[in-house]
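Residue-level listing of the chains:
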Amino acid sequence: AQTVTQSQPEMSVQEAETVTLSCTYDTSESDYYLFWYKQPPSRQMILVIRQEAYKQQNATENRFSVNFQKAAKSFSLKISDSQLGDAAMYFCAYRSSDSNYQLIWGAGTKLIIKP
Amino acid sequence: GAVVSQHPSWVICKSGTSVKIECRSLDFQATTMFWYRQFPKQSLMLMATSNEGSKATYEQGVEKDKFLINHASLTLSTLTVTSAHPEDSSFYICSARVGGRAGANVLTFGAGSRLTVL
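Residues numbered from 1 in each chain as written. Chains lettered and ligands numbered in written order. Predicted model: local features only at pLDDT ≥ 70, side-chain atom pairs only at ≥ 80, totals over all residues. Heavy atoms only, no water.

A.B. asks: How do you make sense of the packing of aromatic side chains when you look at a structure like this?
C.D. replies: Scanning the entire structure with this criterion turns up 13 aromatic pairs over all chains. Where Y37 of chain A meets W105 of chain A, the ring centres are 5.4 Å apart and the plane angle is 50°; that geometry is what we call tilted. One end of the pair, Y37 of chain A, is in strand 5 (residues 32-39); the other, W105 of chain A, is in strand 11 (residues 104-105), and 68 residues separate them in sequence. Accessibility assignment for this pair places Y37 of chain A and W105 of chain A in one class, buried. On the basis of an interplanar angle of 70° and a centroid distance of 5.8 Å, the ring pair of W105 of chain A and F109 of chain B is categorised as edge-to-face. Placement of W105 of chain A in strand 11 and of F109 of chain B in strand 10 (residues 106-109) is noted, with the two residues assigned to different chains. For the pair W105 of chain A and F109 of chain B, one class covers both residues: buried. Here the aromatic cluster, defined as three or more aromatic residues joined through ring pairs, consists of F35, Y37, F91 and W105 of chain A together with Y36 and F109 of chain B. (Phe/Tyr/Trp six-rings, centres within 6.5 Å; stacked < 30°, edge-to-face > 60°. Helix = DSSP H or I, 4+ residues; strand = E, 2+ residues; numbered from the N terminus. Buried < 20%, exposed > 50% of the residue type's maximum accessible area, 1.4 Å probe, protein only.)

A.B. asks: What is the right way to read the pattern of salt bridges from this model?
C.D. replies: Residue and element names in this part refer to chain A. Counting across every chain of the model gives five salt bridges over all chains. In this structure, the salt-bridge partner of D26 is K73, at a minimum N-O distance of 3.6 Å. In this pair, D26 is assigned in strand 4 (residues 24-26) and K73 in the loop between strand 8 (64-69) and strand 9 (74-79), connecting sequence segments 47 residues apart. Here K55 makes a salt bridge to E52, at a shortest N to O gap of 3.8 Å. (Salt bridge = Lys/Arg side-chain N within 4 Å of Asp/Glu carboxyl O.)

A.B. asks: Mind showing me how you'd approach the nonpolar core here?
C.D. replies: Nonpolar side chains tend toward joint burial in soluble globular proteins. Counting 26 residues, the largest nonpolar core has W35, F67, I69, L79, Y92 and L115 of chain B as its most contacted members. Those elements that provide at least two residues to this core are strand 2 (10-13), strand 3 (19-25), strand 4 (32-38), strand 5 (44-51), strand 7 (67-73), strand 8 (76-81), strand 9 (90-98) and strand 11 (113-117) of chain B. It is strand 9 of chain B that provides the largest number of residues to this core, a total of four residues. Ignoring sequence-local partners within four residues, the contact set of Y92 of chain B consists of Q6, I21, Y36, R37, M47, F67, L79, G112, S113 and L115 of chain B. Core analysis: the next-biggest nonpolar cluster, separate from the first, contains 25 residues, C23, L77, I79 and I113 of chain A among them. (Core = buried A, V, L, I, M, F, W, Y, C linked by side-chain atoms within 4.5 Å. Contact = heavy atoms within 4.5 Å.)

A.B. asks: Would you take a moment to explain the pairing of strand 10 of chain B for this structure?
C.D. replies: Along a regular strand, successive side chains alternate from one face of the sheet to the other. Residues and elements named next belong to chain B. Burial of the side chains of strand 10 extends over both faces: V106 and T108 are buried on one face and L107 and F109 on the other. Alignment of strand 9 against strand 10, held across four bridges, turns out to be antiparallel. When the bridges of strand 10 are listed, A96 appears paired with T108. (Pairing = 2+ DSSP bridges.)

A.B. asks: Looking at this structure, I do not really get the environment of S80 of chain A. What am I missing?
C.D. replies: Residues and elements named next belong to chain A. Turning to its location among the elements, S80 is positioned in the loop between strand 9 and strand 10 (88-96). Residue S80 is classed as partly exposed on the basis of its relative accessible area, which comes to 23%. Placed 30 residues apart in sequence, S80 and R50 show a C-alpha to C-alpha distance of 17 Å.

A.B. asks: It is not clear to me how the interface of chain B and chain A should be interpreted in this structure. Could you clarify?
C.D. replies: How large an interface is tends to be reported as the accessible area lost when its parts come together. Between chain B and chain A, the residue contacts involve 23 residues of the former and 19 residues of the latter. Together chain B and chain A conceal approximately 1,800 Å² of surface at their shared face, both sides included; 49% is due to carbon and sulfur atoms. Remark: the boundary between chain B and chain A carries eight residue pairs in polar contact (both at pLDDT 80 or more). Looking at the side of chain B that touches chain A, the elements that each hand over two or more residues are strand 4, strand 5, strand 9 and strand 10 of chain B. (Buried area = accessible area lost by both parts, 1.4 Å probe. Polar contact = N/O pair within 3.5 Å; in protein donor to acceptor, adjacent residues only side chain to side chain.)

A.B. asks: What is the right way to read unusual backbone geometry from this model?
C.D. replies: Excluding glycine, residues mostly carry a negative phi; peptide bonds, for their part, are mostly trans. Here the residue pair H7 of chain B and P8 of chain B is connected by a cis peptide bond, since its omega of 0° sits within 30 degrees of zero. Within the secondary structure, P8 of chain B sits in the loop between strand 1 (4-7) and strand 2. The phi torsion at R43 of chain A lies on the positive side, around 75°, for a residue other than glycine. Summarising the element assignment, R43 of chain A is placed in the loop between strand 5 and strand 6 (46-52). A residue is classified by how much of its surface remains accessible, and R43 of chain A, at 16% relative accessible area, is buried. We note that S83 of chain B has phi near 40°; this positive angle belongs to a residue other than glycine. With respect to the helices, strands and loops of the structure, S83 of chain B is situated in the loop between strand 8 and strand 9.

Rendered as structure tokens:
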């Protein structure tokens, strides 16, 4: 069975600085999808970024980028120029290519932005 | 973009009563919706997969008679917590798959419903 591990329960970063959130996963599959979701205090889950495993190029979305290391089964999220609005819980998630869109979730990392 | 509307956002009820939570896809059709439960400071726990026109698929350990799911149309799924008790108090979230090329492989989430059972 697949698992997703986020080893950092909480991270803090100074506003405008860069922070990296870690995520590792375990799977025997070669084709899958990885996601980072953000859950701010409003508790609305928001997709931050996604990565298809068959793509070697790391996904980027403005200030958000990932470091996808398929062999190491690592999928870290880098947030550049951190802003106060980035404060939230960040969840890493895995989806098998042949699943019914069910996600396997990490435990989450709480990101604190220091002004 | 695709929007999933979840209602109510917050509900308080007395023990023994039933509560219905609605999840609507506003600008797309959702053949599959997912219902999650989230405890404080924890990740999402998948409760069931709701399929339009058929019975929901429940995860192991989730009482199907307690948590009734109905997906009667392509835009609406409902979760009814029957005979609610204080231990059912939680945050419930629905999500739907956004179809088409633009939404490939993406789930869109409702804003969640906080249930408090007194």
